[in-house]
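Observations on the model geometry
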Amino acid sequence: MGRNAHLYAFPVAAVLLLGLPFAIGNEFYLKVMFLVGVYYLAAAGLNVLVGYAGQKSLGHAGLYAAGAYTAALLTAKLGWNPWLAFFASGVVAGVFGIVIALPSLRVKGPSLAMVTIGFGIVMEKIATEWTDVFGGQAGIHSVGSLRFGADPFAMRDWVLFVVVLCLISHLLMRSLLAGKYGRAFLAVHTAEVAAESVGVSVYRFKVLAFIVSAVFCGFAGALVAQQNQYINSDFVTFGLSIFFLLIVLFGGGGSIYGPLLGAIVLTLMDAFLARWPHLQHFVYGALLLFALYAMPDGLVGAVRGIGRKIFPGLYRRPPVPTAVAEWQLQRSEQLHADAPLLEAKGLYKAYGGVVPTNNVDIRIRTGHVHSLIGPNGAGKTTLLNILSGIVPPDRGNIVFNGVDTTELISNHICRLGIGRTFQNLKLFTDMTVLDNVMVGLHPHMDVGFWPCMLGTRSASRQEQEGREEALRILDFLGLLAKANDIAGGLPYGLQRRLEIARALATHPKLLLLDEPAAGLNPQETHELIEVIARIRTKGITVLLIEHHMDLVMAVSDHVFVLDYGAKIAEGAPAQVQANPRVIAAYLGEEVAEPDAATVVQARPAAA
Amino acid sequence: MEAILQAVLSGLALGGIYALVALGFNITNNTTKTLNFGQGEFLVAGAFVGVTLVLVLSGKGHVGVLQPEDVTLVKYLTGLVGIIAVLGTLGVFLYYTAVKPFVGAAGLAWVMSTIGFGIIIQNTALGIWGPAPLAIPSPLGNEVIRIGGAGILPQEILIFAVSVLVMVALDLVLLRTKIGKAVRAVAHNKNAAALMGINVPAIVILAFVVSSCLAGLGGLLVAPITTASVFMGLTLALKAFSAAIIGGLDNPRGCILGGFMLGLIESLIGLWHAELREISIFVLIIVVLVVKPEGLLGRKIVEKV
């Protein structure tokens, strides 16, 4: 929803939701509304993890339990103030979020599902078996209810309280996820390696997503325990974890309205069908089975599809200006020309018997365009991966701009000033062209988590400045008119160029381009030569891998040649072109010398 | 000492069930990169179909009380044939409704759809057989056999023997036969396999049929020990899944190893503190995955950049 539409719709929705409990007299309906709110809170948090950061969890009932039992134990056993216990439950659940995040970071796919399932079951079993503390099936009675003054909340007070919490959560989520945090989560979701390469720490954002989802789930658990004034181990089941996940996926992950729709529809359905438990489970199963087939983007995707047809104006993105100022790096970011920028010595990397990088020394000088050439399998990309921190070298060291970067990981190296593109495109395909570039600006947007979540003025100012700079970068590369297009839908040649734009947004001192002309037609290749020349005039040093020799010869000041992992020549383009070893590497030798034959035999087959 | 031997023996039987079901996960994972999260309910279906066939053959209707003399080996084996027919069909259904629409799609869709399929099966079973568990005596009788002081049920020996037999047979089929080679080719690279003239959809369906039948067999084997219950599936399948993950989901022998390991660990810990059995298993899994994310015998996947 656009900013203006939200500005009007939100207060209206708030008034309606706060008025609704007064219109409902029936306790049962009030309870249903309370549960809608509770499930919305849990799902809104889980959505950050599942829909945005793309991490699947089948164990969030465990975090719900952490919140519920914290509130229960603190009030019933230790006599804490119920409000204090309520807030403590969010904190404790957050800590559990870290506990589950750390193992989860090491695994992907089914193994991640297993870790989260395992966590959920461990929590469930602890609640069931450790009866001394958690009461097991008998549960914990007289949990302290929230209260104003002496009387505990009545059902209507609970509903009002939950509605207020939901409204606040909605606003917080909205400002957090619309800005740089939302983009970074989505970037981690679509292409982890690319996210790292633009300075987004995958580790940090995954942990953060786990914590956010855990805190929300913990509050949801505490609400239920304190409203019922009772909790037992039957509240914590594998089925509940699936229900949370279903709310997000059925409603529509990756949209802040998905969990809302999901929570409303599923909770109401649950309550309505509760009279026929048999049918309830059938519907539940059928929904799981068919809903995602019929609506891959969830309810919210389906609604949006219809909405777009009826009110196209509501979904229009802010227009793109036709002219913007020229993109410039700040003076302080310029380096002294000709000085050595990067020096790597004795880099060595082996995968079993294959040695894609064999004692390579390279030296890169500020302001020049360097090319890295060599036959297929020569180890060019591996060298680039080592320089950009994606692959750690076995031996050797790299000093970039006075800093030893040998041991550093990708996102850190990016922040020091090395940007890169990928041979196999790694764009954030579902995001717009503009957002892709804005992810690139991430390391330069220094507003922290809380200002972003609270939507402070400094956060929105920085967002606006980021947007303007991203537009300037797009203009610099001739992509301005495409700013609102979805990146995955661009023609191939423009996708390659968008990768360069994203890398430039990180303000690199050294730009690594991995086969930027692969798959381009002659016209596009020609334009690329110009683009590289223009990047060079900005004072940005370039190291590129290419097979198009005319491009290499046209743009390079200095050429490195790799063959079977070793550097066999370097120098000015013309020099390298004339080098007999280079010719031999590319075309083979005319005379089969005896030692050449042994070399061929010794070469690994699958380089 | 005797207690430990006892625990090892029943651990091996339990491990056989886990290994069978884990093997089913492995087969579909290798061919489609998906697996049935509702496999527990397939286990339930297997147990009930088997028990019901034995009941019907004894002329007792679909819910009744079986006496030990009712359950002969012939009837038990007929139950097995029925399971292969019914569960095989369910496997095909599962593939077409819950897996095929989502294969290759991003996200969790297939996890949710297979769970949904399982819930539908569970409730169908609940409708037919009701919530009460259905007991079936072992076809080999209930006389405890003494081995070095430890007692073991004949059914436990049967479980162990059948599961080892099935695993060896599957291993041989995979490694020695043409169809096994086709399955392995599809597992490595679907497109290349198709270009070599292998009927990839048929192999994939076969994988789901075999996987479902393995779960059904697991259900039939375990029923005489635990009784057949509509609710027994989830825990068993989750542990089998853990076994697969610990051993290495992409390696059939890893899955078998994981299954037996888990069975042994579970019954040995049960010896010490019964209530810590499940907690310690799942904690162990998390630890194993942190140390060796690809599983004990799994292959490390290096993402190409």
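Computed from a predicted structure; not experimentally measured. (Residues numbered from 1 in each chain as written. Chains lettered and ligands numbered in written order. Predicted model: local features only at pLDDT ≥ 70, side-chain atom pairs only at ≥ 80, totals over all residues. Heavy atoms only, no water.)

**Quick word on the overall build of chain A**
- When you go through chain A residue by residue, the secondary structure sums to 25 helices and 12 strands.
- The C-alpha extent of chain A, read off along each of the three principal axes, is 95 × 55 × 45 Å.
- Taking all 607 residues of chain A together, the buried fraction comes to 55%.
- Of all intrachain contacts in chain A linking residues separated by at least 6 positions in sequence, the fraction that spans at least 24 positions is 76%. (Helix = DSSP H or I, 4+ residues; strand = E, 2+ residues; numbered from the N terminus. Buried < 20%, exposed > 50% of the residue type's maximum accessible area, 1.4 Å probe, protein only. Contact = heavy atoms within 4.5 Å.)

**Brief notes about the pairing of strand 11 (residues 558–563) of chain A**
Residues and elements named next belong to chain A.
- Of all the six residues making up strand 11, five are buried; the element is thus mostly covered by neighbouring parts of the structure.
- Examined bridge by bridge, strand 5 (residues 369–373) and strand 11 share four bridges and lie parallel to one another. By the bridge assignment, Ile-373 is partnered in strand 11 with Val-561.
- As defined by bridge partners, strand 11 adjoins strand 12 (residues 566–571) across five bridges and the pair is classed as antiparallel. What sits directly across from Val-561, in strand 12, is Ala-569. (Pairing = 2+ DSSP bridges.)

**Quick notes on the packing of helix 3 (residues 60–76) of chain A against helix 10 (residues 202–228) of chain A**
Residues and elements named next belong to chain A.
- Contact geometry for helix 3 and helix 10: axes closest at 7 Å, N-to-C directions at 50°. Relative to helix 10, helix 3 is oriented oblique. Between helix 3 and helix 10 lies a crossing of right-handed hand. For the pair helix 3 and helix 10, contact is made by His-60, Leu-63, Tyr-64, Gly-67, Ala-68, Ala-71 and Thr-75 and by Ser-213, Ala-214, Cys-217, Gly-218, Ala-220, Gly-221, Ala-222, Val-224, Ala-225 and Gln-226, respectively.
- Residue composition of the contact of helix 3 with helix 10, grouped by class: 10 nonpolar, seven polar and no charged. (Axes fitted to C-alpha atoms, helices over the stretch in contact; angles between N-to-C directions. Parallel < 35°, antiparallel > 145°, perpendicular 65-115°, else oblique. Left-handed = near helix turned anticlockwise from the far one by under 90°. Nonpolar A, V, L, I, M, F, W, Y, C, P; charged D, E, K, R; others polar.)

**Focus on the layout of surface pockets**
- Volume-wise, the second largest pocket comes out at about 1,500 Å³.
- Contributing to the lining of the second largest pocket are 49 residues, with Thr-237, Phe-238, Gly-239, Leu-240 and His-281 of chain A lying nearest its centre.
- Top element by residues in the lining of the second largest pocket is helix 4 (residues 109–129) of chain B. It accounts for six residues.
- A breakdown of the residues in the lining of the second largest pocket according to their chemical character gives 27 nonpolar, 15 polar and seven charged. (1 Å grid on protein atoms, 1.4 Å probe; cavity = no way out; pocket = protein on both sides within 12 Å on 5 of 7 lines; lining within 4 Å. Points joined across faces, edges and corners; volume = space filled by probe spheres on them.)

**Section: the side chain of Lys-206 of chain A**
All names here are of chain A.
- Here Lys-206 is to be found in helix 10.
- Owing to a relative accessible area of 4%, Lys-206 belongs among the buried residues under this scheme.
- For Lys-206, the residues in contact, after removing those within four places along its chain, are Gln-55, Leu-105, Val-188 and Glu-192.

**Some thoughts on the sheet that holds strand 12 of chain A**
Residues and elements named next belong to chain A.
- In space, the six strands of this open sheet follow the order 8-9-10-5-11-12, with mixed pairing throughout. Only two strands of the sheet have a single partner each, and these edge strands are strand 8 (418–420) and strand 12. Between one strand and the next, the sheet's axes are offset by a mean angle of 20°, whatever the strand orientation.
- The sheet contacts of helix 20 (residues 492–505) involve strand 8 and strand 9 (510–514), and relative to strand 9 the element is tilted by about 160°.

**Thoughts on empty space enclosed by the protein**
Residues and elements named next belong to chain A.
- Taken as a whole and assessed by the stated rule, the structure comprises three cavities of 30 Å³ or more.
- Leu-329, Glu-333, Gln-334, Leu-335, Thr-366, His-507, Pro-508, Lys-509, Lys-538, Gly-539 and Thr-541 together form the lining of the largest cavity.
- Across the lining of the largest cavity, the residue classes break down as three nonpolar, five polar and three charged.
- Of the voids in this model, the second largest cavity is the one considered here, and its volume is about 40 Å³.
- Within the residue set of the lining of the second largest cavity, elements represented by two or more residues are helix 16 (410–416) and strand 8.

**Re the environment of Gly-270 of chain B**
Residue and element names in this part refer to chain B.
- You can see Gly-270 is positioned in helix 10 (residues 252–272).
- By relative accessible area, Gly-270 is classed as partly exposed at 23%.
- For Gly-270 and Phe-48, which are 222 residues apart along the polypeptide, the C-alpha to C-alpha distance reads 28 Å.

**Let's talk about the packing of aromatic side chains**
- Inspection of every chain in the model, using the stated rule, returns 34 aromatic pairs over all chains.
- Geometrically, the ring pair formed by Trp-158 of chain A and Phe-161 of chain A is edge-to-face, given 6.4 Å between the ring centres and 70° between the ring planes. Residue Trp-158 of chain A and its partner Phe-161 of chain A are located together in helix 7 (residues 155–178), separated by three residues, close to a single helical turn.
- Judged by relative accessible area, Trp-158 of chain A falls into the buried class, the value being 1%.
- Under the relative-accessibility criterion, Phe-161 of chain A is labelled buried at 14%.
- Measuring from ring centre to ring centre gives 5.9 Å for Phe-37 of chain B and Trp-110 of chain B, while their planes differ by 50°; the resulting arrangement is tilted. (Phe/Tyr/Trp six-rings, centres within 6.5 Å; stacked < 30°, edge-to-face > 60°.)

**Quick notes on the nonpolar core**
- One finds Leu-58, Ile-117, Phe-185 and Leu-223 of chain A together with Phe-37 of chain B to be the most contacted residues of the largest nonpolar core, which totals 218 residues.
- With near-sequence residues (within four places) excluded, Ile-117 of chain A lies in contact with Leu-58 and Phe-238 of chain A together with Phe-37, Leu-238 and Phe-241 of chain B.
- If you look at the next biggest cluster of nonpolar residues, it comprises 41 residues, including Leu-441, Ile-500, Leu-520 and Ile-535 of chain A. (Core = buried A, V, L, I, M, F, W, Y, C linked by side-chain atoms within 4.5 Å.)

**Description of the sheet that holds strand 7 (residues 403–404) of chain A**
Residue and element names in this part refer to chain A.
- Sheet architecture is open: four strands sit in the order 4-3-6-7, paired in antiparallel fashion. Pairing within the sheet leaves two strands with one partner each, and these edge strands are strand 4 (354–365) and strand 7.
- When strand 6 (residues 395–400) meets strand 7, the two strands line up antiparallel, connected through two bridges. Its bridge partner lying in strand 7, Phe-400 is registered against Val-403.

**Digging into the pattern of salt bridges**
Residue and element names in this part refer to chain A.
- As enumerated under the stated definition, the model contains 18 salt bridges over all chains in all.
- Among the salt bridges present, the one from Arg-502 reaches Glu-499, with a minimum N-O distance of 3.3 Å. Here Glu-499 and Arg-502 lie together in helix 20, a separation of three residues that amounts to about one turn. Of the two residues examined, Arg-502 and Glu-499, each falls in the buried class. (Salt bridge = Lys/Arg side-chain N within 4 Å of Asp/Glu carboxyl O.)

**Section: helix 8 (residues 200–226) of chain B**
Residues and elements named next belong to chain B.
- When the terminal C-alpha atoms of helix 8 are compared, their 38 Å separation across 27 residues agrees well with the 39 Å that a helix rising 1.5 Å per residue should span.
- In terms of burial, helix 8 is largely enclosed, as 20 of its 27 residues are buried.
- Two residues or fewer after helix 8 comes Thr-227, characterised by a positive phi angle close to 65°. (Expected span 1.5 Å × (residues − 1).)

Honestly, that's just the spatial picture; any functional story needs more than this.
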